[in-house]
Amino acid sequence: MRWTIPVRSSSPSTMSEEDYTVLLHPDVNEFLTAVDEKTEQIIRENLGYLADNPYPGRGQGDKERLPIDGEDRYRMHIGRTWTAFYDIYEDDNEVGVLEILPIDDAHDRYGL
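Cut-off values and rules
Residues numbered from 1 in each chain as written. Predicted model: local features only at pLDDT ≥ 70, side-chain atom pairs only at ≥ 80, totals over all residues. Heavy atoms only, no water. Helix = DSSP H or I, 4+ residues; strand = E, 2+ residues; numbered from the N terminus. Buried < 20%, exposed > 50% of the residue type's maximum accessible area, 1.4 Å probe, protein only. Contact = heavy atoms within 4.5 Å. Areas by Shrake-Rupley, 256 points an atom, 1.4 Å probe, with all protein chains shown as cover. Phe/Tyr/Trp six-rings, centres within 6.5 Å; stacked < 30°, edge-to-face > 60°. Core = buried A, V, L, I, M, F, W, Y, C linked by side-chain atoms within 4.5 Å. Salt bridge = Lys/Arg side-chain N within 4 Å of Asp/Glu carboxyl O. Pairing = 2+ DSSP bridges. Axes fitted to C-alpha atoms, helices over the stretch in contact; angles between N-to-C directions.

(A) Representation of the overall build of the chain in the model. From N to C terminus, the chain includes three helices and five strands. Traced from its N-terminal end to its C-terminal end, the chain shows the element sequence β-α-α-β-β-β-β-α. The 112 residues of the chain split such that 43% are buried. In the chain, once contacts between residues fewer than 6 apart in sequence are set aside, the share between residues at least 24 apart is 45%. Looking at the chain as shown, the accessible area adds up to about 6600 Å², and 45% of this sits on carbon and sulfur atoms.

(B) Here's a closer look at the packing of aromatic side chains. Under the counting rule described, the total for this entry stands at four aromatic pairs. Look at F31 and W82: their rings are 5.1 Å apart centre to centre, the planes differ by 70 degrees, and that puts the pair in the edge-to-face class. On the criterion of sequence distance, the pair formed by F31 in helix α1 (residues 26-34) and W82 in strand β4 (residues 82-89) is long-range, its members being 51 residues apart. Relative to Y74, the ring of Y55 has its centre 6.0 Å away and its plane inclined at 90 degrees; by these criteria the two rings are edge-to-face.

(C) Inspection of the nonpolar core at higher detail. By size, the foremost hydrophobic cluster in this structure holds 23 residues, and its most contacted members are I43, L47, L50, Y86, V97 and I100. Secondary structure elements with two or more residues in this core: β1 (21-24), α1, α2 (37-52), β3 (71-78), β4 and β5 (94-102). The element contributing the most residues to this core is α2, with five residues. Residues L66, I68, F85 and L101 belong to the second largest nonpolar core, which totals six residues.

(D) Structural detail: the pattern of salt bridges. Going through the model one piece at a time under the given rule, you end up with six salt bridges. For E40, the salt bridge is made with R44, and the minimal N-O distance between the two is 2.9 Å. Of this pair, E40 and R44 are both found in helix α2, four residues apart, which corresponds to roughly one turn of the helix. With relative accessibility at 12%, the residue R44 sits in the buried group.

(E) Structural detail: the sheet that holds β5. Strand order across the open sheet formed by five strands is β1-β5-β4-β3-β2, with mixed pairing between neighbours. Strand pairing shows two members of the sheet lacking a second neighbour, β1 and β2 (62-68), which therefore form its edges. Averaged over all pairs of adjacent strands, the angle between strand axes in this sheet comes to 35 degrees, irrespective of strand direction. As defined by bridge partners, β2 adjoins β3 across seven bridges and the pair is classed as antiparallel.

(F) Main features of the pairing of β4. For β4, the buried fraction is high: seven of the eight residues fall into the buried class. In this antiparallel pair of consecutive strands, β3 and β4, the connection spans three residues, and G79 shows a positive phi of 65 degrees. Connecting the antiparallel pair β4 and β5 is a turn made up of four residues, with N93 showing a positive phi of about 55 degrees.

Put into structure tokens, the structure is as follows:
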């Protein structure tokens, strides 16, 4: 399984040592190649915000920590259409984006 890095919201020259590396699960990468170009651009831009700060209440994005499928995970709403589920690997300074779902399907997963 090969994880890939999405397009960042800022240029690599503006990245600091505190930035996280955002990795995409292969299923997420496959999803992004299947959606239209505008949707892919919006999602990648929003996922890039996770590099600055993936924690809820900090940085850009509507983020929250929730119990999802019996595990504490993080979610980020992307517009009013999509939700990304992700984990934070603090020791490695990485964020792993595990899944992207339509927002209503995501709400079913965590009980809203």
